[in-house]
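# Fold and contact review
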Amino acid sequence: MHIIITDAWLAKSRAMHLNGLRLVGVGALASVLLMLGSIATYHWVFLEGVRQGWPGFASVARLVHQNEANSQNAYMRANLDAMARKLGEMQARMVQIDSLGERVAGLAGLNPAEFKVPQGAGGALVGGRDLSMEELMGALDKIDQTSGSRVDWLTVVESRLFDQKIQRTMVPTEKPVVGVQVGSPFGFRIDPITGRSALHTGLDFPADPGTPVLAAAGGVVVVQEYHLAYGNMVEIDHGNDLITRYAHASRLLVKKGDIVKRGQKIAEVGSTGRSTGPHLHFEVWVSGVPQDPQRFLAAGENVAAAKPVAPGPRRP
């Protein structure tokens, strides 16, 4: 009997505990619903009051709108100030580009005065004010136009520098046989076969058979043939009526129409044609007139000597 009474009491206690939890849950849910309903009612009443023009609601609405407008204005002003600072940096960079373009134009042989540098401006800062959107957009448009003209001008300078580089590569200043001294110079000499005075129209570079023969400059091969006097011969056209000739080769490595670069191997030393021994006969022709090749080679040596030599590694 005692056990039955105890079980009944426990069941009743559990039922009362569950009812308490349910009451707490229902109360919390009711509170949330009441809060949401209050918020919805507040917004509806506020909007309806502003819409209907109820007393007091219009001033509150204007105050809220004014606060929002002030926040937007502050945000826009901060952005405008940041853009103004960037604009100042861009203007300073344009001044640097102008100075660099003026120097490069001088190196390209152009008149630096044609590189129009904007007039200087300055003075004491008496008073400052924030830039408007219209002023900022106008300054940006001006920089855009200026940068476009600078790009066009620098393109002209680049083209001129490229032309000069091409012209330098087309001048025969590269020694056709490396490490060999000139044996017979340009000019009148005693012909080695007839023993009589005759004009030698080039330079002779005595070397072992098979020694590489290099192009003295870039150009187009216009002659590749066997000549009775010159033997295996190659002629390269460098433009501007400038032609180089390489004679007495044992073997030719290029053919007519080939485009060759400065220093490219085009033949090998030999003793073909009218020759008394293995050597390269090298000629330079300008407008159909033979010139002393030594003048061109000496110019190349002077340019090479003028180039700065990179410092080697320091000794520990």
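Each chain carries its own residue numbering, running from 1 in the direction its sequence is written. Reporting in this predicted model follows two pLDDT cut-offs: at least 70 for local features of residues, and 80 or more for side-chain atom pairs to be given and counted; totals over whole chains, interfaces and linings ignore these cut-offs and use all residues. Calculation of side-chain values draws on the structure's entire complement of heavy atoms; hydrogens and water are dropped beforehand.

## Notes on the packing of aromatic side chains
The cut-off we apply is this: The rule is short: rings of Phe, Tyr and Trp, with Trp giving its six-membered ring, pair when the centres are within 6.5 Å, and they are stacked under 30 degrees, edge-to-face over 60, tilted in between. Only when the NZ of Lys or the CZ of Arg is both within 6 Å of the ring centre and within 35 degrees of the ring normal is a charge said to sit over the ring.
Evaluation of the coordinates by the stated rule reveals 1 aromatic pair. Over the ring of Tyr230 we find Arg245; its NZ or CZ atom is 4.7 Å from the centre of that ring.

## Details of the pattern of salt bridges
Rule in force here: The term salt bridge refers to a side-chain nitrogen of Lys or Arg lying within 4 Å of a carboxyl oxygen of Asp or Glu. We count a stretch as a helix when DSSP gives it H or I for four or more residues in a row; a strand needs E for two or more, and each element gets its number in order from the N terminus. For every residue, the accessible area (1.4 Å probe, protein chains only) is compared with the maximum for its type, and the residue is labelled buried under 20%, exposed over 50%, or partly exposed between those bounds.
Applying the stated criterion across every chain, the model contains 7 salt bridges. Residue Asp191 is joined to Arg274 by a salt bridge in which the shortest nitrogen-to-oxygen separation is 2.9 Å. Taken as a pair, Asp191 in the loop between strand E1 (187-190) and strand E2 (197-200) and Arg274 in the loop between strand E9 (265-269) and strand E10 (279-286) lie far apart in primary sequence, 83 residues in all. For Arg274, a relative accessible area of 39% corresponds to the partly exposed category. Across the salt bridge formed by Glu268 and Arg251, the nearest N and O atoms sit 2.9 Å from each other. Of this pair, Glu268 sits in strand E9 while Arg251 sits in strand E7 (residues 242-252), placing them 17 residues apart in sequence.

## Let's talk about the confidence of the model for the protein chain
To keep things clear, this is the line we draw: Scored from 0 to 100, pLDDT reflects the predictor's confidence in each residue. Any two residues whose heavy atoms approach within 4.5 Å at even a single point are treated as in contact.
On average, residues of the protein chain score 75 in pLDDT, and 54% of them reach the 70 mark or higher. Low pLDDT, under 50, characterises residues 122-127; the predicted model gives this stretch 0 contacts beyond four residues in sequence or across chains. Below a pLDDT of 50 lies the segment residues 308-316, which in the model reaches 0 contacts outside its immediate sequence neighbourhood of four places, other chains included.

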